[in-house]
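Breakdown of the fold
Residues per chain are reported as follows:
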Amino acid sequence: MKKIAIRVDDLTVAYNYKPVLWDIDLTVPEGVLMAIVGPNGAGKSTLIKAILGIIDPIAGSVSIYDKPYSKQRKLVAYVPQKGSVDWDFPTTALDVVMMGTYGQLGWIKRPGQKEKKASLEALEKVGMLPFKNRQISQLSGGQQQRVFLARALVQNASIYFMDEPFQGVDATTEIAIINILKELRKAGKTVIVVHHDLQTVPEYFDWVTFLNVKKIATGPVKDIFNDDNLTKTYGINYKVAVNQ
Amino acid sequence: MEIKEYFSLVFSDYTLRTITLGTAILGAICGMLGSFAVLRKQSLLGDAISHAALPGIALAFIITGTKDTNLLLIGALVSGLIGTFWIRGMITKTHLKSDTALGLILSLFFGFGMLLLTYIQKQPNANQAGLDKYLFGQAATLIEKDVTLMAIVTGICLVVLLLFWKEFKILLFDADYTKTLGFNTRFIDILITFFIVLAIVLGLQTVGVVLMSAMLLAPAAAARQWTNKLSVMIVLAAIFGAFSGVFGTAISASQNNLSTGPVIVLVAAVFVLFSFIFSPGRGILFKQIRFWQNRRDLKLQKTLQFMFDIAKTHEDISHPHAIKILNNFQGFTRGSLKKMEEKNWVEVKGQKWSLTQDGYSAAKNLYTQE
């Protein structure tokens, strides 16, 4: 039996009385590459943010490797949605990646040569080394996404949360990113991705969670990625609707 | 007094030196902290805070009955902080957007402050005159004690900035991510906001409630134009702020004591205007020049493409063709043909042109990106 990487119990989040996530129980085994799928407004991003403590849930708890999340932060890395920051901020690609080392450094201590080396390696891994000194507003959308990925890689975490890393990137970047994610899985890391493209789920992921305010289903893609769950999640028979 | 005379007096005249030093320090600290406000898109927060400080000044006077600057500024600090926390509370606890919350607090506090000021003026207290200097500021009332206070606060602010540089930077860029790294973002946030409020309160005596936000924003907005590095931006903003202070004081002192606050703000505005036009990376002028250059290059490329399309139908790509077949619709002018000749793309003989090997390969690679 594999170790449980993430355990979520009774997680409930509401914005102004309206539940966004309702009583979510979720266990994710170590070493899976998991997609979270569901319609717009299903609470996919909210689920990640609530797990990471960015949003305060009204109920529920999260544990990472059987300890409360607050004690295990260093095991967790996060790739936010690309649109969540202002890319006109005066800084360079390398600088953004270096931010990934800040958590390990803690308060006040500045990054040094070691951190810089790790950041350059992460940039190399995502194919962005030639752009290390580029002002971030002068990067394309796909390049910005790679920089964000590199920032998470440099954290050298065990669990990676990614909020729509494939949004608005071209095919080359998508392939580059998914290859890195698969590499992470090979190295025994757990990767959770908010994902929109149902077509690619079986190809990219081995684990999937269907979400629509409530958790519909979670498990191996080959067992549960079927019409029944898609219909329950999206309210329409997805395959029939596409083929019409 | 001429400006020249002013600068010769600055080093010898005690009063002038104090005032100049004061406005310079004030400009520097405001520029520094203003950079944070601008990058956090909280530009209007400064305006709200400075207006919110007014009732604090009036209340401090009513309670103590003295016009001791430090006491009044403590009153300003307290009411400025109250205003700030109310704004934050309104944004997080209600559906109101931040601009609404800022506008509400700004006018509410300012209105209350003005009410108190008029009430004070009606009192038979000879001491009351001069409180209205906090509306538009009066640098001439700066004394050594005030300047020392400014210098101490600026020093503390610098130390904090250097200590928490990394934390400030990451919070400004990506607050959610900062939280996931385990940093207490609320603490960092409060620290930044507290120093912004402090800088504003320090500036009230010199620049005044109404114009204070310009001292925060103008140097930062100007500095942003010149650099893509946060540290450079903050240093530049401090320098712009300090120079605005000095030049503003100089102009106001040499021109029949024009009100200092407005003059300082106008000088800062000149920095902004200059930066918007002349900065090489983001300025309007160079953007326009680049636009013209691009358009010219595109015209040449359009002609080249047309020539390429003709040339490739021939066995010999350098087969000569009549100039007459080119027209303006393909971006052709006599001038552009000459430029193409200079680039060694074409050879012109009499009334005929022919594509060179260079021109042929240039055209071929025109639309294949690297």
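Residues numbered from 1 in each chain as written. Chains lettered and ligands numbered in written order. Predicted model: local features only at pLDDT ≥ 70, side-chain atom pairs only at ≥ 80, totals over all residues. Heavy atoms only, no water.

1. Some words on the pairing of strand β2 (residues 346-349) of chain B
Residues and elements named next belong to chain B. As a reminder of what qualifies: Two strands pair under a simple rule: DSSP has to find at least two bridges between them. Note on conventions: DSSP H or I runs of at least 4 residues are helices, E runs of at least 2 residues are strands, and numbering of each starts at the N terminus.
Examined bridge by bridge, β2 and strand β3 (residues 352-355) share four bridges and lie antiparallel to one another. Bridge pairing in β3 links Val346 to Leu355. Linking β2 back to β3 in an antiparallel pair, the connection comprises two residues, with Gly350 at a positive phi of about 60°.

2. Re the interface of chain B and chain A
Our working definition: Should any heavy atoms of two residues lie within 4.5 Å, those residues are counted as being in contact. Simply put, the buried area is the total loss of 1.4 Å probe accessible area from both parts when two parts are fitted together. We define a salt bridge as a contact between a side-chain nitrogen of Lys or Arg and a carboxyl oxygen of Asp or Glu at a distance within 4 Å. For this analysis, a polar contact is any N or O atom pair within 3.5 Å, provided that within protein one partner can donate a hydrogen and the other can accept it, and provided that sequence-adjacent residues contribute only side-chain to side-chain pairs. Each residue is assigned to one of three groups, with Ala, Val, Leu, Ile, Met, Phe, Trp, Tyr, Cys and Pro labelled nonpolar, Asp, Glu, Lys and Arg labelled charged, and all others, Gly among them, labelled polar.
Taken together, the 30 residues of chain B in the interface contact 34 residues of chain A. Buried surface at the junction of chain B and chain A, both sides included, amounts to about 2900 Å², of which 62% is carbon and sulfur. By the criterion of area lost to chain A, the three top residues of chain B are Lys166(B), Phe173(B) and Tyr177(B), representing 28% of everything that side buries. Run the count over chain B and chain A and you get five salt bridges. Residues Arg151(A) and Asp174(B) are paired through a salt bridge, measuring 2.9 Å at the closest nitrogen-oxygen approach. Along the contact surface separating chain B from chain A lie 14 residue pairs in polar contact (both at pLDDT 80 or more). Of all elements in the fold, only α7 (144-163), α8 (165-173), α9 (175-180), α10 (185-207) and α12 (230-254) of chain B reach the threshold of two or more residues within the side of chain B that touches chain A. Per element, the largest residue contribution to the side of chain B that touches chain A is seven residues, and it comes from α8(B). In terms of residue class, the side of chain B that touches chain A is built from 15 nonpolar, five polar and ten charged.

3. Quick look at the domain arrangement of chain B
Quick reminder of the rule: The split into domains, and so the bounds of each, comes from an automatic or database assignment of domains.
For chain B, the domain assignment lists domain 1 (3-280) and domain 2 (285-368). Averaged C-alpha coordinates put domain 1 of chain B and domain 2 of chain B at centres separated by 57 Å.

4. A few points about empty space enclosed by the protein
We apply this condition: In this analysis, the protein atoms alone were mapped onto a 1 Å grid. Cavities are point sets where a 1.4 Å probe fits without being able to get out; pockets are open sets with protein on both sides within 12 Å along at least five of seven lines; lining residues have an atom within 4 Å of a point. Grid points are joined across faces, edges and corners, and a volume is the space filled by probe spheres set on the points.
Going through the model one piece at a time under the given rule, you end up with three cavities of 30 Å³ or more. Of the pockets and cavities examined, the largest cavity occupies roughly 60 Å³. As for the largest cavity, its lining consists of Arg73(A), Lys74(A), Val76(A), Gly100(A), Gly103(A), Gln104(A), Gln155(A) and Leu181(B). Residue composition of the lining of the largest cavity, grouped by class: two nonpolar, four polar and two charged.

5. Remarks on the packing of helix α2 (residues 14-39) of chain B against helix α11 (residues 212-224) of chain B
When two helices pack together, their arrangement is given by the angle between the helix axes and by the axis-to-axis distance. Residue and element names in this part refer to chain B. Applicable threshold: To get an axis, fit a line to the C-alpha atoms, keeping to the stretch in contact for a helix; angles then go from 0 to 180 degrees between the N-to-C directions. In what follows, roughly perpendicular refers to angles from 65 to 115 degrees, roughly parallel to angles under 35, roughly antiparallel to angles over 145, and oblique to any angle outside these ranges.
Closest axis-to-axis distance for the α2/α11 pair is 7 Å, and the angle between their directions is 75°. Overall, the two elements α2 and α11 adopt an arrangement that is roughly perpendicular. In contact with Leu26, Gly27, Cys30, Gly31, Leu33, Gly34, Ser35 and Val38 of α2, α11 contributes Met212, Met215, Leu216, Leu217, Pro219 and Ala220. When the residues that make up the contact of α2 with α11 are grouped by side-chain class, the tally is ten nonpolar, four polar and no charged.

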